[in-house]
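Summary of structural features
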Amino acid sequence: MAHWNKFEKDVKKLVQCVSGVREEEDPDFQLALQFAWSNIRFHRFLDVDSHKVTRVIDGIHEKLIIHSELPKAVSWRRLTNEFLELPLETVEGTKTKEHYAILSLLLALSDSPSNSQYTEKARQKEEVQHDDFDWGKYLMEGEEIDIGPYPDTPEWSEEESEEELQESLSREDSGIQVDKTSPEEQAQMKKAAPHISSKVGEPEVRLWLEQHVVTQYWTNKASKFSHSFHLHSNLAAVWEQHLYNSDPLYYSDERTFVTETQVIRETLWLLSGVNKLFVYTLHDGKISVRTDIMVAHLTQNCLRAVLEQIAAYGQVVFRLQKFMDEVIGHSSESCPPGTLPVCKKFTEPPFRTYQSFVWALHKYFINFKEELVSIEKCMITKDETVTLAAVLEKLAPRLSQLKILHKVFSTGIAEVPHDTPNVIRASHLLNTLYKAIIEYDSVGEAAEQTVSLLFSLWVETVRPYLEIVDEWIVHGNLSDPAKEFIIQRNNNVPVNHRDFWHSTCTLYSVSEKTGIAENIGDGAGSSCSIDQENSSKQHTMVSFLKPVLKQIIMAGKSMQLLQNLESKDNPGLLMQNTHRDAERKSLYALFLESLQSRLRYREDTESCEHAVPEQQATKESLIKVQSIVARHLELEDVHDPLLAINFARLYMEQSDFHERFSNGDVNVDRSSESVTCQTFELTLRSCLYPHIDKRYLECCGKLMQTLKTDYKLVEYLQAMRNFFLLEAGETMYDFYVAIFDKVKEKESWQHLSFLNARLQEAVAQHYPEDSSRLSIYLENIDIVKKRLPVHSIDGLTLSYKVPWPVDIVISSECQKIYNQVFILLLQIKWAKYSLDVLRFDEHIDAYEKPQATLFEDSSWSFEALKSPVRQQIHRMFLLRVKLMHFVNSLHNYIMTRILHSTGLEFQHQIEEAKDLDQLIKIHYRYLSTIYDRCLLREKISFVKEAIMKVLNLVLMFADRWQTGLGVSKIESIEKMESDFKNCHMFLVTVLNKAVCRGSFPHLESLASSLMAGMEQS
């Protein structure tokens, strides 16, 4: 009970603070007090989790740093650490569960520590008042104390005895302090050196110290060490003496003697990245060898030659380490106070490709340093003899790898100016690694380790590029804040813009000669620019992406467009995609998995291939060894085949028999260490490209399905053909016949209200859903063309409103081509209609009645005039038939051979289109085909001009037919016959030559049809 009484006041204060009730007689206070006592006495709580409290403290500290409240973060860290290190009144020790329980209580009572305003105030430490009262004198007052026979002797204590013991063991001339280690450490030391005596002054102890303590050779006061007096161990002194004897003017500078072990250790430290050394010095960023050092068993020149080679590799390590520090140094800006920032060379944070390359170098140097540490441990344990030559021989593969790394670094990074755009620097580094792998991979097995090293660097360095590609083709987000990717998003063009597909991305290429990034085209035309390898500048981009660059662009743009369409139609789809993406593996992870499975498959295949002929190889080796042993026995005049076989079996069982008989007769298979035994390009084609192609087919296929089903892309393409190419014959007939009748009646038809009314009336009967999209307007035409009747309708322009995103395929440029074909078809239809409406009987009645009246009123003979008029009418009939044959032949060629057959091919190609870009190209190719075959191309404009002359002649002929012909107008008929004959012969000649050359095979039907209608001379 007494245990709880001392907490009574504290519990009452706790109740008063928490409840706010101050009066102890208050019933509420008594209830709260009883509740508190009940929980304190009878309840049991779990011990506080110190790890959880530590995580909460670290989380608050990190949050304060993120919010840039560094003073609060420093105070928080320091105060919590000080509290954990302070002892409590009733608890012994630091960082106990009571400490963490108090911190847990304070954290539970706190309310958002990161949002509170806090300024640390200087705390005044309470001065501890020392009691100067002499209690001993006060208590011993009046007592008699026996001080013994020697009152001047000081009191004895254990501490003083220990100090005296330490003083007795010390020696002023040795400079060695007594060891104050723990008993456990002393026991270990005794086991390691049992021969050491407890007295320091003994010779054995001094000998042990001389063997285990390194002489301070890096100071000028270092004494000359003792070594063997063997001739080989004093080669430097012998050579010095020789120089003295041979050259009386020779002067030797004072040098510091170092051992080979010291040189080896400093060499290992140099290759580990240590710069402050004695044997090697760093001056102005260059590693050099000291000239005032000497090794007893090596001459000065020999030592310098060896160490300068090592210094060159140390320079490589220094350059690479410096670059790594420059890249990593940018992360120190967000470090908490107290950390030392690394010097920074870049004016802006390095992009992710450089960071990945540095991470690959870091992992390589970790393994390299582990190997260096193992060599140093071997030197310390002295299990085997370690010489400088042996170390260099052991590190030879690593040193050759350093040379390769330095070559890649110099070519891919150091030679690129610092003001170069990131896209060039990143692509140049990846290209350098890629070309290096291809170069060394072509060597074969001799460069397996080099290819393995370069491939591991490339796999790490390429990670940001693959992550950017993955984010783009999966989420439609081209996330590249540092602008290091060769494809850049044009943010000025929104996704819902009609020029999005052609202007959303910019593809950069790198000129190998100039090193300048150039825009070689937007997304739609990028594939055409990629294949231009014969250009003068030889543009290159990231080489490994060339085979799938088009698929990446198409998949990325398709996903951007698809995401916009889906978010527009289904706003809640984003959450579903987020959950689905959590289960999806990234492109980089899939690439690594495919790479590992490919390597594992090759290893299994190789093991199977080697397992089958293993017994056969053993027999062959046995036969070869037997022949070798037989030859050795013959040297001793021993001819015993059985003995040779037994010796051969004996040597086959030993592991080193290859070394004993390595005279070329026995071949040893070397296990492969290459990660790309087969070509690097085949590895990419089997491990990386299939994943990109798969995603390309998924994205583009889904977009095509969405456009065809939800946005009726095929229906809009059919509507363009129906109205612009007059495939909806009955509908468009009602429209253009009204115009032709107005022209025939000499009435004005150039009124937009009339044209749109007739168009809407014709379309609404059969295609009511398209009536609101179609409209027509007039454009100004050339004055010269206005003089010719056939060109009077050139100003007609048909317009069809295409919604987004279908307008990406049916653009305004496409509608211009459609309108040119539409005008040509109207001209042909007009000529055909003008000839079709002419009647024979009307022409005869129109000419016989005036001639009869003329005969009655004059003295001329009717029979005399009747014959020439009938001949004239007959010539008109013949000319009309010839013109009809020409116009019908042209009409059938355009409507059937060109528009219909080409339209069927176009429909089939649309069904097979894999992506939107392919569909756009199919549509452009279709328009270009009908544009060429309708003879609208500029290079064959002379053919079109001849056809236009014939069509204009048809309209003039129809006009003359309507107005009637007299005897005085026979010359005009002859002129029309002559003009038609000339144009007809010209077209037949030109078309026949084109068909014979094979340049225009589609014109064969038109040429043969026109040939049939030409007069035989």
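No experiment lies behind these values; they were computed from the predicted model shown.

When its secondary structure is counted, the protein chain shows 40 helices and 10 strands. When burial is assessed residue by residue, the protein chain has 37% of its 1017 residues classed as buried. If you take every contact in the protein chain between residues at least 6 apart in sequence, the share linking residues at least 24 apart comes to 69%. Carbon and sulfur atoms make up 53% of the accessible area of the protein chain, which totals about 61800 Å².

Quick reminder: α-helices carry 3.6 residues per turn. Residues three or four places apart thus point the same way. For helix 5 (residues 70-85), spanning 16 residues, the distance from its first C-alpha to its last is 23 Å, which sits close to the expected 22 Å at 1.5 Å a residue. Buried within helix 5 we find Lys72, Ala73, Ser75, Thr80 and Leu84. Buried residues of helix 5, seen end-on, are gathered within an arc of 165° and therefore sit on one face of the element.

Further remarks concern the pattern of salt bridges. As enumerated under the stated definition, the model contains 21 salt bridges in all. Its salt-bridge partner being arginine 77, residue aspartate 58 comes within 2.9 Å of it at the nearest N-O pair. With aspartate 58 in helix 4 (residues 50-66) and arginine 77 in helix 5, the pair connects residues that are 19 residues apart, well separated along the chain. Given the relative accessible area of 32%, aspartate 58 is considered partly exposed.

All right, on to the nonpolar core then. In summary, soluble globular proteins display a tendency toward joint burial of nonpolar side chains. Counting 217 residues, the largest nonpolar core has Tyr280, Leu307, Trp458, Ile487, Phe544, Leu561 and Leu916 as its most contacted members. Sort the elements by how many residues they give to this core and helix 36 (residues 862-912) lands first, with 16 residues. Setting aside anything within four residues of it in sequence, one finds leucine 916 in contact with Trp501, Leu561, Leu703, Met704, Leu707, Ile808 and Val809. Ranked by size, the runner-up nonpolar core spans 10 residues in total, among them Val53, Ile65, Tyr100 and Leu103.

Take the confidence of the model for the protein chain next. For the protein chain, per-residue confidence averages 75 on the pLDDT scale, and residues scoring 70 or more make up 71% of the total. Across the protein chain, element-level confidence peaks in helix 14 (residues 352-381) with a mean pLDDT of 92 and bottoms out in helix 21 (residues 526-530) with 38. Across residues 185-200, confidence stays below pLDDT 50; counting only partners more than four residues off in sequence or on other chains, it has 15 contacts. Overall, residues 512-518 carries pLDDT values under 50, and its contacts beyond four positions in sequence, including any with other chains, amount to 21 contacts.

Time to look at unusual backbone geometry. The omega torsion across tryptophan 804 and proline 805 is 5°, close enough to zero to call that bond cis. For lysine 382, which is not a glycine, the phi torsion comes out positive at approximately 60°. With respect to the helices and strands, the residue lysine 382 is situated in the loop between helix 14 and helix 15 (388-394). On the basis of relative accessibility, which here comes to 63%, the residue lysine 382 falls in the exposed class. Phi is positive for leucine 935, which is not a glycine, with a value near 60°. Tracing the backbone shows leucine 935 in the loop between helix 37 (916-933) and helix 38 (941-963).

Okay, the packing of aromatic side chains next. Summed over all chains, the structure comprises 23 aromatic pairs. Ring geometry for phenylalanine 455 against tryptophan 458: centres 6.3 Å apart, planes inclined by 25°, an arrangement best described as stacked. Placement of both phenylalanine 455 and tryptophan 458 in helix 18 (residues 448-461) is noted, with a separation of 3 residues, approximately one turn of the helix. The exposure class assigned to tryptophan 458 is buried, which follows from its relative accessible area of 0%. Seen in terms of ring centroids, phenylalanine 886 and phenylalanine 980 are 6.1 Å apart; in terms of plane orientation they differ by 85°. Their pairing is edge-to-face. With phenylalanine 886 in helix 36 and phenylalanine 980 in helix 39 (residues 970-997), this pair connects stretches of sequence that are 94 residues apart. Exposure class is identical for phenylalanine 886 and phenylalanine 980. Each is buried. Here a set of aromatic residues connected by ring pairs shows up, and it is made of Phe323, Phe351, Tyr354, Phe357 and Phe409. For lysine 557, the ring lying beneath its charged end belongs to tryptophan 501, and the centroid distance is 4.5 Å. Cation over ring: lysine 742 sits above phenylalanine 754, and NZ or CZ is 5.1 Å from the ring centre.

With that settled, the discussion passes to the side chain of threonine 353. Looking at the secondary structure, you find threonine 353 in helix 14. The residues contacting threonine 353, other than those within four sequence positions of it, are Ala426, Leu429, Leu430, Thr461, Pro464, Tyr465 and Glu484.

Together, Phe133, Trp135, Tyr138, Leu139 and Met140 give the surface a local cluster of nonpolar side chains, amounting to about 570 Å² of exposed area. Structurally, leucine 139 is set in helix 7 (residues 135-139). Judged by its relative accessible area of 60%, leucine 139 is exposed.

This part covers the packing of helix 34 (residues 812-836) against helix 37. Interaxial distance between helix 34 and helix 37 falls to 10 Å at its minimum, and their mutual angle equals 25°. Comparing the axis directions of helix 34 and helix 37 gives the class roughly parallel. Relative to helix 37, helix 34 is oriented so that their crossing is left-handed. Note on element contacts: helix 37 touches helix 34 through His923, Tyr924, Tyr926, Leu927, Ile930 and Tyr931, opposite Cys814, Ile817, Tyr818, Gln820 and Val821. Residue classes in the contact of helix 34 with helix 37 are distributed as 9 nonpolar, 2 polar and no charged.

Orientation of helix 13 (residues 300-328) relative to helix 14, taken along the N-to-C sense of each, is 130°, at an axis distance of 10 Å. Relative to helix 14, the element helix 13 lies oblique. For the element pair helix 13 and helix 14, the recorded crossing hand is left-handed. Here Val317, Leu320, Gln321, Phe323, Met324, Val327 and Ile328 of helix 13 come into contact with helix 14, specifically with Tyr354, Gln355, Phe357, Val358, Leu361, His362, Phe365 and Lys369.

Moving on, we get to the pairing of strand 10 (residues 796-800). Among the 5 residues of strand 10, 5 are classified as buried, and the element is accordingly described as predominantly covered. The side-chain alternation of strand 10 yields two buried faces, one formed by Leu796, Leu798 and Tyr800 and the other by Thr797 and Ser799. As judged from the 5 bridges shared by strand 9 (residues 774-778) and strand 10, these two strands associate in the antiparallel manner. Note on strand 10: the bridge partner recorded for isoleucine 776 is leucine 798.

The next thing to look at is the environment of lysine 550. Its location among the elements puts lysine 550 in helix 22 (residues 549-569). Its relative accessible area of 33% is what places lysine 550 among the partly exposed residues.

The next point concerns the environment of valine 274. Looking at the secondary structure, you find valine 274 in the loop between helix 12 (260-271) and strand 2 (280-283). Each C-alpha atom of the pair valine 274 and glutamine 321 lies 10.0 Å from the other, and the pair is 47 residues apart in sequence.

How each quantity is defined
- Residues numbered from 1 in each chain as written.
- Predicted model: local features only at pLDDT ≥ 70, side-chain atom pairs only at ≥ 80, totals over all residues.
- Heavy atoms only, no water.
- Helix = DSSP H or I, 4+ residues; strand = E, 2+ residues; numbered from the N terminus.
- Buried < 20%, exposed > 50% of the residue type's maximum accessible area, 1.4 Å probe, protein only.
- Contact = heavy atoms within 4.5 Å.
- Areas by Shrake-Rupley, 256 points an atom, 1.4 Å probe, with all protein chains shown as cover.
- Expected span 1.5 Å × (residues − 1).
- Arc of directions from axis to C-beta.
- Salt bridge = Lys/Arg side-chain N within 4 Å of Asp/Glu carboxyl O.
- Core = buried A, V, L, I, M, F, W, Y, C linked by side-chain atoms within 4.5 Å.
- pLDDT = per-residue confidence, 0-100.
- Phe/Tyr/Trp six-rings, centres within 6.5 Å; stacked < 30°, edge-to-face > 60°.
- Lys NZ or Arg CZ within 6 Å of the ring centre and 35° of its normal.
- Patch = residues over 30% accessible without salt bridge, like charges linked within 9 Å, V, L, I, M, F, W, Y side chains within 5 Å.
- Axes fitted to C-alpha atoms, helices over the stretch in contact; angles between N-to-C directions.
- Parallel < 35°, antiparallel > 145°, perpendicular 65-115°, else oblique.
- Left-handed = near helix turned anticlockwise from the far one by under 90°.
- Nonpolar A, V, L, I, M, F, W, Y, C, P; charged D, E, K, R; others polar.
- Pairing = 2+ DSSP bridges.

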